[in-house]
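What follows is each chain in one-letter form.
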Amino acid sequence: MEAQIAVLAGDGIGPEIVAEAVKVLCAVERRFGHRFEMKEYPVGGAAYDCCGDCLPDETLAACKSADAILLGAVGGPKWDRLPVSQRPERRALLTLRSELGLFANLRPAKVWDALTGASPLREEIVSAGIDMLIVRELTGGAYFGEKGRGDGGRSAYDVTPYSVHEIERVARVAFEAARRRFPQGGRLPKVTSVDKANVLETSRLWRETVTALHAAEYADVELEHLYVDNAAMQLVRAPSRFDVILTENMFGDILSDEASQITGSIGMLPSASVGVSGGGLYEPIHGSAPDIAGKGIANPLATILSAAAMLRHSFGLGAEADAIEHAVASVLARGLRTADIADQGGASVSTSAMGDAVAEAVGVVI
Ligand code: NAD
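Now for a look at the structure at hand.

Procedures and definitions
- Residues numbered from 1 in each chain as written.
- Predicted model: local features only at pLDDT ≥ 70, side-chain atom pairs only at ≥ 80, totals over all residues.
- Heavy atoms only, no water.
- Axes fitted to C-alpha atoms, helices over the stretch in contact; angles between N-to-C directions.
- Helix = DSSP H or I, 4+ residues; strand = E, 2+ residues; numbered from the N terminus.
- Parallel < 35°, antiparallel > 145°, perpendicular 65-115°, else oblique.
- Left-handed = near helix turned anticlockwise from the far one by under 90°.
- Contact = heavy atoms within 4.5 Å.
- 1 Å grid on protein atoms, 1.4 Å probe; cavity = no way out; pocket = protein on both sides within 12 Å on 5 of 7 lines; lining within 4 Å.
- Points joined across faces, edges and corners; volume = space filled by probe spheres on them.
- Nonpolar A, V, L, I, M, F, W, Y, C, P; charged D, E, K, R; others polar.
- Domains from an automatic or database assignment.
- Near = heavy atom within 4 Å.
- Polar contact = N/O pair within 3.5 Å; in protein donor to acceptor, adjacent residues only side chain to side chain.
- Areas by Shrake-Rupley, 256 points an atom, 1.4 Å probe, with all protein chains shown as cover.
- Phe/Tyr/Trp six-rings, centres within 6.5 Å; stacked < 30°, edge-to-face > 60°.
- Buried < 20%, exposed > 50% of the residue type's maximum accessible area, 1.4 Å probe, protein only.
- Lys NZ or Arg CZ within 6 Å of the ring centre and 35° of its normal.
- Pairing = 2+ DSSP bridges.
- Arc of directions from axis to C-beta.

## Structural notes on the packing of helix α1 (residues 14-32) against helix α12 (residues 351-363)
No. 1: Put simply, α1 and α12 touch, their axes get as near as 9 Å, and they point 15° apart. By the angle between their axes, α1 is roughly parallel relative to α12. Crossing hand, α1 versus α12: right-handed. Contacts between α1 and α12 involve Glu16, Glu20, Lys23, Val24, Ala27, Val28 and Arg31 on the former and, on the latter, Thr351, Ser352, Gly355, Asp356, Val358, Ala359, Val362 and Gly363.

Quick look at the structure:
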């Protein structure tokens, strides 16, 4: 296939890690005979420095017309004193989300076999297997509802609106993702829908809507409902019980950070934000790590795995995404580690050596 990918390296370690993901995508092109047109555009503090805007018009237009976007990270101390509305995180990330209508955020949280020691959870919990996908609604709920102050500033409110349309479209993303996780029909994929339906009216609408959609279109997927307080507890008590978690904006914000922490390695976690059109935004969950920028020691695997998510979710290239994920598993199994995931005192490789190893492993047809 042919696809256009807008590449936004950004700030700090962004250019270093994105270069490795591009390298791996080139290996996929060679092995599978695809053609990805990967063009770079300025974003974040780097774009502010060169063009006076953290999201220049040219970058936004390119993102809108691309089939998908690969982003490194934005921000850093150099731009912290800009007015909030012009800062990289606000101007670039939030504008991209709203302009592209990115209403669903997908975050896998997985403990790789070779890295079980990195999880802060007890060994018997981790050994049961941790491999879940959190699908979070991204453009509704309390973060976007009406907010304000009353009583001379002594009371405040944040309205949490949700419509059937908003719930259905994100639930569909979760059910489809669950189906894709077990395409061979080996075991029934499961969606756990998380709400607070015992207290909140929006949660009752959430539960009714998800249940109705499941009955109408996704009977081949198992559905369960959990209250958010129970879900937070189960994530640390029995994380292996989860497959796909579907939840609203604020619950998802909190649960996805909790889930990422139980894997123990921020440099390993990709994310995808998908919207109304086919394209999507793919980026590691971590930031620009200014403390290690330019040293060639950043872990590129979260960005490489974000590229795999792009192939799977935006282009429907499941085998190619699997090839990247297997390549990552194989280099980890061989003992390759960047500094952040190396055992204390253990040897580590550079950002580019890790990228080379994954690209090489992608090219090896097993
Ligand atoms: P961070 O995620 O950048 O770094 C937290 C810690 O994790 C640091 O010690 C860093 O060295 C380490 N780390 C992060 N990614 C790593 C990797 N790939 N390999 C090895 N180590 C890694 O969070 P922060 O320090 O709070 O934020 C730094 C800047 O990034 C801030 O300006 C923040 O606003 C911005 N930020 C951007 C995004 C984004 O672009 N999506 C997300 C979060 C933070």
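## Describing the layout of surface pockets
No. 1: Counted as a void, the largest pocket has a volume near 810 Å³.
No. 2: If you list the elements that add at least two residues to the lining of the largest pocket, you get β4 (102-110), β5 (131-137), α6 (164-181), β11 (270-275), α10 (301-313) and α11 (318-333).
No. 3: Among the residues making up the lining of the largest pocket, the classes are represented as 17 nonpolar, six polar and nine charged.
No. 4: Both of domain 1 (1-102 + 272-366) and domain 2 (120-262) provide at least three residues apiece to the lining of the largest pocket.
No. 5: Roughly 700 Å³ of internal volume is contained in the second largest pocket.
No. 6: As for the second largest pocket, its lining consists of 31 residues, of which Leu93, Leu94, Arg97, Arg136 and Glu283 are closest to the centre.
No. 7: Among the elements of the structure, β3 (68-73), α4 (88-99), β4, α9 (249-263) and β12 (280-284) are those that each provide at least two residues to the lining of the second largest pocket.

## Quick look at the site of the ligand
No. 1: Taken together, 20 residues surround the ligand, and among them Val74, Glu89, Gly287, Ala289 and Asp291 come closest.
No. 2: Taking histidine 286, its side chain carries an N or O atom lying 3.1 Å from a nitrogen atom of the ligand.
No. 3: The side chain of aspartate 291 places a nitrogen or oxygen atom 2.9 Å from an oxygen atom of the ligand.
No. 4: Considering the ligand on its own, with 800 Å² of exposed area, one finds that the protein chains cover 68% of that surface.

## A short note on empty space enclosed by the protein
No. 1: One pass over the full model with this rule turns up one cavity of 30 Å³ or more.
No. 2: In this structure, the largest cavity occupies an estimated 50 Å³ of space.
No. 3: Lining of the largest cavity is provided by Tyr162, Val194, Asp195, Leu200, Thr202, Ser203, Trp206, Glu248 and Phe251.
No. 4: The set of elements that each furnish at least two residues to the lining of the largest cavity consists of β8 (190-195) and α7 (201-217).
No. 5: In terms of residue class, the lining of the largest cavity is built from five nonpolar, two polar and two charged.

## Re the packing of aromatic side chains
What describes a pair of aromatic rings is the distance from one ring centre to the other and the angle between the planes of the rings.
No. 1: Applying the stated criterion across every chain, the model contains three aromatic pairs.
No. 2: Aromatic side chains phenylalanine 36 and phenylalanine 315 sit 6.1 Å apart centroid to centroid with 25° between the ring planes, which places their arrangement in the stacked category. With phenylalanine 36 in strand β2 (residues 35-40) and phenylalanine 315 in the loop between α10 and α11, this pair connects stretches of sequence that are 279 residues apart. Neither phenylalanine 36 nor phenylalanine 315 differs from the other in exposure class; each is buried.
No. 3: Here the basic side chain of lysine 110 rests over the ring of tryptophan 112, its NZ or CZ set 4.4 Å away from the ring centre.
No. 4: For arginine 169, the ring lying beneath its charged end belongs to phenylalanine 103, and the centroid distance is 4.3 Å.

## Here's the deal with the pairing of strand β6 (residues 147-150)
No. 1: Across four bridges, β6 lies against strand β7 (residues 155-158) in antiparallel orientation. From the neighbouring strand, lysine 147 faces β7, where its bridge partner is aspartate 158.

## With respect to helix α8 (residues 228-237)
No. 1: Among the residues making up α8, those that are buried are Val228, Ala231, Gln234 and Leu235. On an axial view of α8, the arc spanned by its buried residues comes to 115°, and they lie on one face.
No. 2: Buried residues in α8 make contact with β5, β8, β9 (222-227), β10 (244-247) and α9.

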